[in-house]
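Topology and contacts: notes
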Amino acid sequence: MLKKLLIVLVTAVVLVSAGSGLWLWQGLQTLQQPVSLEEPVLFNVAPGAGYSQVARRLESEGFVSDALWLRLYGRLNPDQTRIRAGDYEFQSGMTPLTMVQTMVEGKVKLWSVQFIEGWTFRDLRAALARSERLTRLTTDWSDEQIMAAVGAEDQHPEGWFFPDTYMFSGSESDLDILKRAYNRMVTVLDEEWQNRAEGLPYDSPYEALIMASIVERETGVPWERQEVAGVFVRRLHKGMRLQTDPTVIYGMGDQYEGRIRRSDLRTYTPYNTYRINGLPPTPIALSGRDSIHAALHPDDGDTLYFVARGDGSHKFSRTLAEHQQAVREYQLNRRQDYRSSPAPSTLNENSREQ
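Thresholds, definitions, all that
Residues numbered from 1 in each chain as written. Predicted model: local features only at pLDDT ≥ 70, side-chain atom pairs only at ≥ 80, totals over all residues. Heavy atoms only, no water. Axes fitted to C-alpha atoms, helices over the stretch in contact; angles between N-to-C directions. Helix = DSSP H or I, 4+ residues; strand = E, 2+ residues; numbered from the N terminus. Parallel < 35°, antiparallel > 145°, perpendicular 65-115°, else oblique. Left-handed = near helix turned anticlockwise from the far one by under 90°. Contact = heavy atoms within 4.5 Å. Nonpolar A, V, L, I, M, F, W, Y, C, P; charged D, E, K, R; others polar. Expected span 1.5 Å × (residues − 1). Buried < 20%, exposed > 50% of the residue type's maximum accessible area, 1.4 Å probe, protein only. Core = buried A, V, L, I, M, F, W, Y, C linked by side-chain atoms within 4.5 Å. Pairing = 2+ DSSP bridges.

Two elements in contact, helix α7 (residues 174-194) and helix α12 (residues 289-296), have axes separated by 10 Å at closest approach and are oriented at 30°. As summarised for this structure, α7 and α12 are arranged roughly parallel, according to the angle between their axes. Once α7 is placed against α12, the crossing between them reads as right-handed. Seen from α7, the contacting residues are Arg184, Met185, Val188, Leu189, Glu191, Glu192 and Trp193; seen from α12, they are Arg289, Ile292, His293 and Leu296. Tallied by class, residues from the contact of α7 with α12 come to six nonpolar, one polar and four charged.

Below you can see the structure in the form of structure tokens.
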């Protein structure tokens, strides 16, 4: 009798265990079923949010049928419960387990903001202001406040931020991007300066950065950067004025309306290189590495002038007579689609060339 009772008890335990195991297995299997979404969904995990709290949210928002299975999964896999704060993008076809793994690995959703070569600092700030997902700290700050915050107190902001595409998460601010762009420019400029050519007319890396910004604004095709830089370097060596229109435009500020008049060339500003000797006091735009490299590795040669052909490239000349002939050829009868170089952001095309 006792033996029969024991057999019945053992059988019951086995059956219950088997049933429980099947129930658990079936429940955990639901975590591997793909979720159907009409469009990607942004899911935010607040700082300090625990695994169980996130599991309940996943249930309430329809990503999993029952948070119980996620909690049991967490008991069986404690290393998969260390969820990181941030914004996560869930897409159709992901499983609840994939979502959990994404949050454990901290693969937060990233957005981007792009700074373009040839932009001004004003253009850069406008791009940051348009970035909806970026926390805005500096919107009402002065340029001086921004430069102090990035570690460059008393520096003019123009040209000090490296043009590139910057990725950011929802927890970052515009100041974080500015610091990254500034530090990147400092690094690139130092690397290029350390490997510069000999005999350059610059007393500091900053002067090279000023030249690079002019090359950036004057160059319409990439392969001309070093040739353009060579013209400007030779002019500096000879004591000739640079006479470059982008500096005039920059000095005009809001008064520039898309065309340079002769009176503008005669009007003194610290940036009008038709009126001043040497380089302007600051860069006039953001310079990419190629333009910085060109400023520090200008082509050898004997050309002292160039004029835009109208297709983005230039005609280079050794003498004033050759240059004047090129001006007559390319400037006096401009094509309808004439352009001297790509127009970055809010700045229009140059209306003249030296």
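The terminal C-alpha atoms of helix α9 (residues 225-238), which comprises 14 residues, lie 20 Å apart, in line with the 20 Å expected from a rise of 1.5 Å per residue. Regarding α9, the residues found buried are Arg225, Val228, Ala229, Gly230, Val231, Phe232, Val233, Arg234, Arg235 and Leu236. At the exit of α9 stands glycine 239, carrying a positive phi of roughly 80°.

It is worth spelling out the nonpolar core at this point. Side chains of nonpolar character tend, in soluble globular proteins, to be buried together. Phe115, Val150, Trp160, Phe161 and Tyr202 are the most contacted members of the largest nonpolar core, which totals 55 residues. Those elements giving two or more residues to this core turn out to be β3 (111-114), α5 (121-130), α6 (143-149), β4 (165-168), α7, α8 (205-218), α9 and α12. Here this core gets nine residues from one element, more than from any other, and that element is α7. Apart from the residues within four sequence positions on either side, tryptophan 160 is in contact with Met147, Gln155, Ala181, Tyr182, Met185, Val186, Leu189, Tyr206 and Leu209. In terms of nonpolar packing, the next biggest core, distinct from the first, is built from 25 residues, Val35, Ala49, Tyr51 and Tyr88 among them.

Moving on, we get to the pairing of strand β5 (residues 305-308). Covered by surrounding structure in β5 are Tyr305 and Val307 together with Phe306 and Ala308, the residues of both alternating faces. By the bridge criterion, four bridges tie β5 to strand β6 (residues 314-317) in an arrangement that is antiparallel. Within β6, the residue paired with alanine 308 across the bridge is histidine 314. With antiparallel pairing between neighbouring strands as the criterion, β5 and β6 make up a hairpin whose turn holds five residues, including glycine 310 at a positive phi of roughly 110°.

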